[in-house]
6 protein chains.
Amino acid sequence: MASFQDIAPDLGKYIIEFAYGDIYSRPGLDLKQRQLLTITCLTTQGDCEPELSVHINTGLNVGLTQTEIIEAILHCIPYVGFPRVMNAMTIAKKVFSER
Amino acid sequence: MASFQDIAPDLGKYIIEFAYGDIYSRPGLDLKQRQLLTITCLTTQGDCEPELSVHINTGLNVGLTQTEIIEAILHCIPYVGFPRVMNAMTIAKKVFSER
Amino acid sequence: MASFQDIAPDLGKYIIEFAYGDIYSRPGLDLKQRQLLTITCLTTQGDCEPELSVHINTGLNVGLTQTEIIEAILHCIPYVGFPRVMNAMTIAKKVFSER
Amino acid sequence: MASFQDIAPDLGKYIIEFAYGDIYSRPGLDLKQRQLLTITCLTTQGDCEPELSVHINTGLNVGLTQTEIIEAILHCIPYVGFPRVMNAMTIAKKVFSER
Amino acid sequence: MASFQDIAPDLGKYIIEFAYGDIYSRPGLDLKQRQLLTITCLTTQGDCEPELSVHINTGLNVGLTQTEIIEAILHCIPYVGFPRVMNAMTIAKKVFSER
Amino acid sequence: MASFQDIAPDLGKYIIEFAYGDIYSRPGLDLKQRQLLTITCLTTQGDCEPELSVHINTGLNVGLTQTEIIEAILHCIPYVGFPRVMNAMTIAKKVFSER
């Protein structure tokens, strides 16, 4: 986000105010559940490597276990197939190894 | 699934054996969490109306509340935008009203 | 949007406050240009029929011509192929005929 | 295609000249192989119901068997998951039953 | 395009004849508008980094301002979410800095 | 696949048992046809570079010619547009040059 401060400062503002301020702060699901849903959403969408990396890290920071993250990614196989899952697992492995 | 019994009987078999037998029965996440991830995955992917309908129903059957399902769908807005979320919410509303 | 007032009232609020309040009101592009970009974005994404219908109508309301809308949709052929373009053109034809 | 003759006559022209004239007439793959690839491509992409319907019909017309078409659709499961495959199989079943 | 001259020379020919010859030369939208639509289309689709880079450069060459390009990318947030927009903004930033 | 042996050993198992064991071994289409469909499927889906690389190699190993692979990729242009096709052709060129 910080890297767009020069050319598009509102992009970071929208992420903070809308994504985090409005959405993540909603009641009904806790932060661990929300990070698991985010990881599932980004795995499914594809072409989201930087965001997946951030949210796998954040997920671990708020208390998700590596197993829960791996299970969430594997859970997508029947719905999106192996390529999206292998892409996400590659990123998860990298994040796990760097902590 | 039953509707493909005549032209592609193995399709139902794969869903039962692989999707349900192999994936849903894995440890690490409970059934409610898995249904919530499935709903998120199908919301993100788009063009999955029949499957979303089935899994919102199944989610309610295994104990998810309507609020949890609505929150999971709304949670996707920052990642996939409003159209995918509105499509999924339309289906959720229909499923809720028919139970 | 109004149809989610009962089960997810914040969805309409986010569309009004974020999509319209924050994004459409930005300077740098006028409303006609923004509607043309929205039509292009929804054509590309696929599975956005209700939103395309709304934005083709809104585009005509803010002064886009039918020709500009048709050209924006045709312009996508080299980037997304014929199926997405034919889906969008089917909706454009319906909207044009109903006004 | 004919249905866009009034609002976008060049759309049909591009399909005939580019898709059929330039691409389908290329050497290296025969018409049956090309229709099987088209069915695979449309199954994968999703939200292509009208085009899938046309090409499953055309595939049968150029000599593909129902089994080959069903196998091509089932073959996509590991790469795109069950929802896309079930959508395509629903259309295949409808086309088969109407001939 | 030039890089496929050896293994698939017709690919470059189709881009020149169909994409540029047939589509970009159509009346109804000017070149600046068409480049803005292309940038929107590629931002939405995802996994189009090389093409986005080319068209952001071409957009600047035909007279689009950096602001117009940034606004077109930001405009997609409500429709495709933040990840696609951040991917495109990363490329825009790189193109801007290299000119 | 081997690279996930430590964090998600079942992922490789599912690919071997389900993708190869169940799907590729089905009758009705031969191995060359199946690899051509896989290449088409991955070209269409996008963001599948590692898998495309593997399957273009495997396709050549089971007897597909470079021409057949190039034709399968070019065949997708009318359905998915030039960017997905150029991404796949870039990978094909790299695989061809490394053998």
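Residues numbered from 1 in each chain as written. Chains lettered and ligands numbered in written order. Predicted model: local features only at pLDDT ≥ 70, side-chain atom pairs only at ≥ 80, totals over all residues. Heavy atoms only, no water.

*Asks:* Even after reading the chapter, I still don't get the overall build of chain A, so can you show me in this structure?
*Replies:* When you go through chain A residue by residue, the secondary structure sums to six helices and zero strands. Shown N-terminal to C-terminal, the secondary structure of chain A runs as helices and strands in the order α-α-α-α-α-α. With respect to the three principal axes, the spread of C-alpha positions in chain A is 35 × 30 × 30 Å. For chain A, the proportion of its 99 residues judged to be buried stands at 62%. In chain A, of all internal contacts separated by at least 6 residues, the share reaching a separation of at least 24 is 58%. Here chain A displays about 3500 Å² of accessible surface, and carbon together with sulfur accounts for 56% of that area. The distance from the centre of the 8 positive side-chain charges to the centre of the 11 negative ones in chain A is 5 Å. (Helix = DSSP H or I, 4+ residues; strand = E, 2+ residues; numbered from the N terminus. Buried < 20%, exposed > 50% of the residue type's maximum accessible area, 1.4 Å probe, protein only. Contact = heavy atoms within 4.5 Å. Areas by Shrake-Rupley, 256 points an atom, 1.4 Å probe, with all protein chains shown as cover. Lys, Arg positive; Asp, Glu negative; His and termini not counted. Charge placed at Lys NZ, Arg CZ, Asp CG, Glu CD.)

*Asks:* Help me out: how do you make sense of the packing of helix α3 (residues 49-61) of chain A against helix α6 (residues 82-98) of chain A in this one?
*Replies:* When two helices pack together, their arrangement is given by the angle between the helix axes and the distance between those axes. Residue and element names in this part refer to chain A. Relative orientation of the contacting elements α3 and α6 amounts to 50 degrees, with a least axis distance of 9 Å. With respect to α6, the element α3 is oriented oblique. For the crossing formed where α3 meets α6, the hand is right-handed. Judged by residue contacts, Glu49, Leu52, Ser53, Ile56, Asn57 and Leu60 of α3 engage Ala88, Ile91, Ala92, Val95 and Phe96 from α6. (Axes fitted to C-alpha atoms, helices over the stretch in contact; angles between N-to-C directions. Parallel < 35°, antiparallel > 145°, perpendicular 65-115°, else oblique. Left-handed = near helix turned anticlockwise from the far one by under 90°.)

*Asks:* Help me understand the interface of chain E and chain B in this model?
*Replies:* The figure often quoted for interface size is the accessible area lost as the parts come together. Taken together, the seven residues of chain E in the interface contact seven residues of chain B. Each partner contributes to the roughly 420 Å² buried at the junction of chain E and chain B, and carbon and sulfur atoms together form 61% of this total. Three residues, Pro78, Tyr79 and Pro83 of chain E, lead the burial of chain E against chain B; their summed loss comes to 62% of the area buried on that side. In this structure, the connection of chain E to chain B is made through zero salt bridges. Counting every contact that joins chain E to chain B gives two residue pairs in polar contact (both at pLDDT 80 or more). For the side of chain E that touches chain B, the elements supplying multiple residues, two or more each, are α5 (77-80) and α6 (82-98) of chain E. Among the elements that take part in the side of chain E that touches chain B, α5 of chain E stands out by supplying four residues, more than any other. (Buried area = accessible area lost by both parts, 1.4 Å probe. Salt bridge = Lys/Arg side-chain N within 4 Å of Asp/Glu carboxyl O. Polar contact = N/O pair within 3.5 Å; in protein donor to acceptor, adjacent residues only side chain to side chain.)

*Asks:* Teacher, can you tell me more about the relation of the copies chain A and chain B here?
*Replies:* What relates the pair of chain copies is a rotation about an axis plus a shift along that axis. Structural alignment of chain A on chain B gives an RMSD of 0.0 Å, achieved by rotating through 180 degrees and translating 0.0 Å along the axis. Such a combination of rotation and displacement between the chain copies is what one expects of a two-fold axis. Residue by residue, 100% of the interface of chain A is reproduced at the interface of chain B, so both copies engage with the same surface. (Least-squares fit on C-alpha atoms with pLDDT ≥ 70 in both.)

*Asks:* Is there a simple way to explain the relation of the copies chain E and chain B in this structure?
*Replies:* Each copy superposes on the other: chain E lies on chain B with an RMSD of 0.0 Å after a rotation of 180 degrees and an axial shift of 0.0 Å. Residue by residue, 100% of the interface of chain E is reproduced at the interface of chain B, so both copies engage with the same surface.

*Asks:* Looking at this structure, I do not really get helix α2 (residues 31-45) of chain D. What am I missing?
*Replies:* Turn by turn, an α-helix covers 3.6 residues, leaving residues three or four places apart pointing in a common direction. Residue and element names in this part refer to chain D. When the terminal C-alpha atoms of α2 are compared, their 21 Å separation across 15 residues agrees well with the 21 Å that a helix rising 1.5 Å per residue should span. With 12 of 15 residues buried, α2 is to be regarded as a mostly interior element. If you check which residues of α2 are buried, you get Arg34, Gln35, Leu36, Leu37, Thr38, Ile39, Thr40, Cys41, Leu42, Thr43, Thr44 and Gln45. The opening residue of α2, the one whose side-chain oxygen lies 3.1 Å from the backbone nitrogen of Lys32, is Asp30. Where α2 ends, the next residue or the one after it, Gly46, has phi of about 80 degrees, a positive value. (Expected span 1.5 Å × (residues − 1).)

*Asks:* Help me understand the interface of chain A and chain B in this model?
*Replies:* Between chain A and chain B, the residue contacts involve 31 residues of the former and 31 residues of the latter. Across the chain A/chain B interface, buried area totals approximately 2700 Å², and carbon plus sulfur atoms make up 70% of it. Among the residues chain A hides against chain B, the three largest losses belong to Leu37, His75 and Tyr79 of chain A. Together they make up 26% of the total. Put simply, chain A and chain B have four salt bridges between them. For Arg34 of chain A, the salt bridge is made with Glu71 of chain B, and the minimal N-O distance between the two is 2.8 Å. Here chain A and chain B share 14 residue pairs in polar contact (both at pLDDT 80 or more) between them. Mapped by element, the contributors of at least two residues to the side of chain A that touches chain B are α1 (9-24), α2 (31-45), α4 (66-75) and α5 (77-80) of chain A. Top element by residues in the side of chain A that touches chain B is α2 of chain A. It accounts for 10 residues. Residue composition of the side of chain A that touches chain B, grouped by class: 18 nonpolar, nine polar and four charged. (Nonpolar A, V, L, I, M, F, W, Y, C, P; charged D, E, K, R; others polar.)

*Asks:* Sorry if this is basic, but what is going on with the environment of Leu37 of chain B here?
*Replies:* Residue and element names in this part refer to chain B. As for its position among the elements, Leu37 is in helix α2 (residues 31-45). The buried category is assigned to Leu37, whose relative accessible area is 1%. C-alpha separation for the pair Leu37 and Ile69, spaced 32 residues apart in sequence, amounts to 10.0 Å.

*Asks:* Please explain the side chain of Asp47 of chain C as it appears in this structure.
*Replies:* Mapped onto the elements of the fold, Asp47 of chain C is located in the loop between α2 (31-45) and α3 (49-61). Among buried Asp, Glu, Lys and Arg side chains, Asp47 of chain C stands out as unpaired, with Arg84 of chain B the closest opposite charge at 4.1 Å. Sequence-distant contacts of Asp47 of chain C, that is, excluding residues within four places in its chain, are made with Gly46, Asp47, Glu49, Arg84 and Asn87 of chain B together with Asp47 of chain D.

*Asks:* Whenever I open this one, the pattern of salt bridges confuses me. Can you help?
*Replies:* Pairing of side chains with opposite charge becomes possible as their charged atoms draw close. Tallied over the entire structure, the rule returns 36 salt bridges over all chains. We note a salt bridge from Lys94 of chain C to Glu98 of chain C, for which the minimum N-O separation is 3.1 Å. Linking Lys94 of chain C with Glu98 of chain C, this pair stays in helix α6 (residues 82-98), spanning four residues, or about one helical turn. Like Lys94 of chain C, the residue Glu98 of chain C is exposed in the burial classification. For the salt bridge of Asp10 of chain D with Arg26 of chain E, the shortest nitrogen-to-oxygen distance reads 2.6 Å. Separated into two different chains, Asp10 of chain D in helix α1 (residues 9-24) and Arg26 of chain E in the loop between α1 (9-24) and α2 (31-45) make up a pair that spans both.

*Asks:* Can you help me understand the nonpolar core in this one?
*Replies:* Soluble, globular proteins show a tendency: their nonpolar side chains are buried together. Judged by nonpolar contacts, the single largest core of 233 residues is most densely connected at Leu11 of chain A, Leu11 of chain B, Leu11 of chain C, Leu11 of chain D, Leu11 of chain E together with Leu11 of chain F. Ignoring anything within four residues of it in the chain, the contact list for Leu11 of chain C reads Leu74, Ile77, Phe82, Val85, Met86 and Met89 of chain B together with Phe4 of chain C. (Core = buried A, V, L, I, M, F, W, Y, C linked by side-chain atoms within 4.5 Å.)

*Asks:* What am I meant to see in the environment of Leu29 of chain B here?
*Replies:* As for its position among the elements, Leu29 of chain B is in the loop between α1 (9-24) and α2. Residues within four places of Leu29 of chain B in sequence aside, it is in contact with Leu36, Glu68, Glu71 and Ala72 of chain A together with Arg34 and Leu37 of chain B.

*Asks:* What exactly am I supposed to notice about the confidence of the model for chain A here?
*Replies:* Detailed conclusions should not be drawn from predicted coordinates in areas where pLDDT is low. Across chain A, the average pLDDT comes to 97, with 99% of residues at or above 70. Overall fold confidence for the complex sits at a pTM of 0.98, while the interface term, ipTM, reaches 0.96. (pLDDT = per-residue confidence, 0-100.)

*Asks:* So what exactly am I meant to see when it comes to the side chain of Gln35 of chain A here?
*Replies:* With respect to the secondary-structure elements, Gln35 of chain A resides in helix α2. Its relative accessible area of 3% is what places Gln35 of chain A among the buried residues.

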